[in-house]
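Reading the structure
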Amino acid sequence: MSATAAVSGARIMAHIEALARCSAQPDGLTREYLSPELRAASDLVAGWMREAGMSARIDAMGNVAGRYEGVAPGLPCLMLGSHLDTVRDAGKYDGMLGVVTAIECVRALAARGVRLPFAVEVVGFGDEEGVRFGATLLGSRAVAGTLDPRVLDLADGDGVTLRDALGRYGRDPARIGDAARARAEILAYAELHIEQGPVLEAENLPVGVVTAINGATRLAVTIDGMAGHAGTVPMTLRRDALAAAAECVLAVEKRAANATELVATVGRLDAMPGAVNVIPGRVRFTVDIRSPRDADRVAAAGDVAAAIEAVCARRGVRAEIAKTHESGTAPCAPWLMEQLARAIAAEGLPVRELPSGAGHDGMAMIDIADIGMVFVRCKGGISHHPDESITAEDAGTGARVLLRFIESFQARRTA
Ligand code: HGY
Ligand code: MN
Ligand code: MN
């Protein structure tokens with residue numbers, strides 16, 4: 001049996017289905033960082049890691065860390081991974097596919113008793129989406145050693161701080177630094193992920209090599225006006241926070257619509273007190289701005305903030321704008337792109353390079369290792385939606401490409 005035949009698209013899909021059942025919602029998939037659902041998913045993943053011949057542990061930040069030793073114990077590793085948390089009402093494959101596929105590849109190595117001149121590690125990051133606490137990449141930033149401890153004071157929608165959530169998860173918030181790895185331990189970081197876009201499907205390609213991960217800025221905006229009786233306050237005397245926010249949302253959309261390759265989204269908006277007969281006194285909303293060019297993204301973020309301030313000044317309401325996340329465009333390393341391309345070509349497939357509009361843990365891991373990514377086609381490019389889907393055949397193709405990449409991986413000789 002050929003080496004790559006040992007990986008099973010069917011087993012990958014079965015594991016994806018099992019993970020999808022670890023959800024906070026009965027009729028779909030929501031799995032937030034440090035939730036009971038993440039604990040259940042992490043236990044499943046750790047079990048599959050051990051079955052595949054790996055050691056497995058939950059690190060200080062709640063990531064699942066698995067390791068398959070090389071020809072000798074303690075060697076530097078090729079680190080693979082992706083994330084186990086999801087957005088709300090999510091698809092099953094965003095994040096999970098990369099973790100499950102990497103474990104499947106290690107299982108194939110172990111089944112043949114293969115030991116490589118490096119260790120292989122697989123990490124299931126606990127928080128890439130940043131849905132619960134607003135800041136994103138918390139798990140991978142901890143591994144990269146770049147996490148700002150002030151994030152411990154971030155609170156979720158119920159007022160639970162990250163510090164408390166870690167404690168409830170059985171982690172010591174004073175020890176989050178223990179999750180950090182040394183650069184010398186990691187030869188490279190590589191991630192398999194669904195494309196979350198339409199390009200591969202449109203060109204009838206199952207896989208592609210990622211060139212870069214677009215940079216992102218996230219803002220949290222609070223607008224304070226004056227709540228009042230919806231029936232008695234004349235329109236001319238109102239300081240309606242929601243009407244002001246509505247104008248701001250359109251200003252965000254307009255700024256991006258007038259630019260090339262720039263996208264901006266208001267993904268969440270909460271109006272308070274949220275009663276049908278009360279003029280909203282406070283509104284909170286988020287802004288997500290992305291571009292392949294950092295200068296364009298930074299300029300757009302500045303313009304958006306200025307537009308929000310101008311709308312609020314004119315309407316006599318107060319705006320507070322906080323930046324909750326910023327990461328520059330993360331280029332994939334050419335030497336890793338070449339090795340991923342060779343693995344794709346060895347599968348008899350054309351090599352297509354493409355950028356990632358979606359963010360990934362590689363944006364954090366680039367601070368500690370060179371990064372590479374391989375995309376797998378997803379139906380209609382749909383993602384962050386229950387209709388997100390891939391085929392078992394493409395899952396198998398992605399796994400064979402990743403296994404070829406692992407088995408032929410050549411660490412870059414540092415000068
Ligand atoms: O937001 C993103 O692009 C990623 O899915 N976290
Ligand atoms: Mn996502
Ligand atoms: Mn993802």
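Structure: see above.
Okay, so let's go over this structure. (Residues numbered from 1 in each chain as written. Chains lettered and ligands numbered in written order. Predicted model: local features only at pLDDT ≥ 70, side-chain atom pairs only at ≥ 80, totals over all residues. Heavy atoms only, no water.)

1. Considerations on the coordination of the manganese ion (ligand 2)
Donor atoms from the polypeptide that bind the manganese ion (ligand 2) are Asp94 (OD), Glu129 (OE) and His384 (NE2), placed at 2.1 to 2.2 Å. Summarised as a motif, the one-chain spacing of the donors to the manganese ion (ligand 2) is D-x34-E-x254-H. Between the two metal centres, the manganese ion (ligand 2) and the manganese ion (ligand 3), the spacing is 3.5 Å, with Asp94 acting as a shared donor. With Asp94 in the loop between strand E3 (77-83) and helix H3 (96-111) and His384 in the loop between strand E16 (371-376) and helix H11 (392-407), this residue pair connects regions lying 290 residues apart in the sequence. (Donors = N, O, S within 2.8 Å, 3.2 Å for Na, K, Ca; no water. Helix = DSSP H or I, 4+ residues; strand = E, 2+ residues; numbered from the N terminus.)

2. Concerning the packing of helix H1 (residues 9-20) against helix H2 (residues 36-51)
With their axes 9 Å apart at the nearest point, H1 and H2 run at an angle of 155° to one another. Between H1 and H2, the crossing angle belongs to the class labelled roughly antiparallel. Like other packed secondary-structure pairs, H1 and H2 cross with a definite hand, here right-handed. Along the contact surface, H1 presents His15, Ala18 and Leu19, while H2 presents Ala41, Leu44, Val45 and Trp48. The residue makeup of the contact of H1 with H2, split by class, is six nonpolar, one polar and no charged. (Axes fitted to C-alpha atoms, helices over the stretch in contact; angles between N-to-C directions. Parallel < 35°, antiparallel > 145°, perpendicular 65-115°, else oblique. Left-handed = near helix turned anticlockwise from the far one by under 90°. Contact = heavy atoms within 4.5 Å. Nonpolar A, V, L, I, M, F, W, Y, C, P; charged D, E, K, R; others polar.)

3. A closer look at the packing of aromatic side chains
For any pair of aromatic rings, the description consists of the separation of the ring centres together with the inter-plane angle of the planes. Under the definition given, this model contains five aromatic pairs. Each ring, one from Phe125 and one from Tyr189, has its centre 6.2 Å from the other, and the planes form 55°; the classification is tilted. With Phe125 in strand E4 (residues 119-125) and Tyr189 in strand E5 (residues 186-194), this residue pair connects regions lying 64 residues apart in the sequence. For the pair formed by Phe125 and Tyr189, the shared burial category is buried. Through a chain of ring-to-ring contacts, the aromatic side chains of Phe118, Trp335, Phe405 and Phe409 assemble into a single cluster. Note that Arg39 overlies the ring of Tyr169, its terminal NZ or CZ placed 4.4 Å from the centroid. In this arrangement the basic side chain of Arg115 is found over the ring face of Tyr68, its NZ or CZ atom lying 4.1 Å from the centre. (Phe/Tyr/Trp six-rings, centres within 6.5 Å; stacked < 30°, edge-to-face > 60°. Buried < 20%, exposed > 50% of the residue type's maximum accessible area, 1.4 Å probe, protein only. Lys NZ or Arg CZ within 6 Å of the ring centre and 35° of its normal.)

4. A closer look at unusual backbone geometry
Cis geometry is found at the peptide bond from Met272 to Pro273, where omega equals 10°. Along the chain, the position of Pro273 falls in the loop between strand E10 (269-272) and strand E11 (278-279). Positive phi outside glycine occurs at Asn204, with the angle close to 55°. Mapped onto the fold, Asn204 is located in the loop between helix H6 (199-202) and strand E6 (207-213).

5. A short note on empty space enclosed by the protein
Under the counting rule described, the total for this entry stands at one cavity of 30 Å³ or more. Every residue along the wall of the largest cavity is listed here: Arg57, Asp59, Asn63, Ala65, Met79, Val123, Val143, Ala179 and Arg181. Grouping the constituent residues of the lining of the largest cavity by class yields five nonpolar, one polar and three charged. (1 Å grid on protein atoms, 1.4 Å probe; cavity = no way out; pocket = protein on both sides within 12 Å on 5 of 7 lines; lining within 4 Å. Points joined across faces, edges and corners; volume = space filled by probe spheres on them.)

6. Things to note about the side chain of Asp127
Locating Asp127 in the fold gives a position in the loop between E4 and helix H4 (138-144). Beyond its immediate chain neighbours, meaning those up to four positions away, Asp127 contacts Tyr33, Asp85, Ala135, Thr136, Leu137, Leu138 and Gly139.

7. What to know about the coordination of the manganese ion (ligand 3)
Taken together, the protein ligands of the manganese ion (ligand 3) are His83 (NE2), Asp94 (OD) and His193 (NE2), with distances of 2.0 to 2.3 Å. Read in sequence order, the donor residues coordinating the manganese ion (ligand 3) give the pattern H-x10-D-x98-H.

8. Observations concerning the site of ligand 1
As a structural note, the neighbourhood of ligand 1 is formed by Glu128, Glu129, Arg218, Arg290, Ala358, Gly359 and His384. Glu128 is positioned such that a nitrogen or oxygen atom in its side chain is 2.8 Å from a nitrogen atom of ligand 1. Here a nitrogen atom of ligand 1 sits 2.8 Å away from a polar atom, N or O, in the side chain of Glu129. Isolated, ligand 1 exposes 210 Å² of accessible area, and the fraction of that covered by the protein chains is 92%. (Near = heavy atom within 4 Å. Polar contact = N/O pair within 3.5 Å; in protein donor to acceptor, adjacent residues only side chain to side chain. Areas by Shrake-Rupley, 256 points an atom, 1.4 Å probe, with all protein chains shown as cover.)

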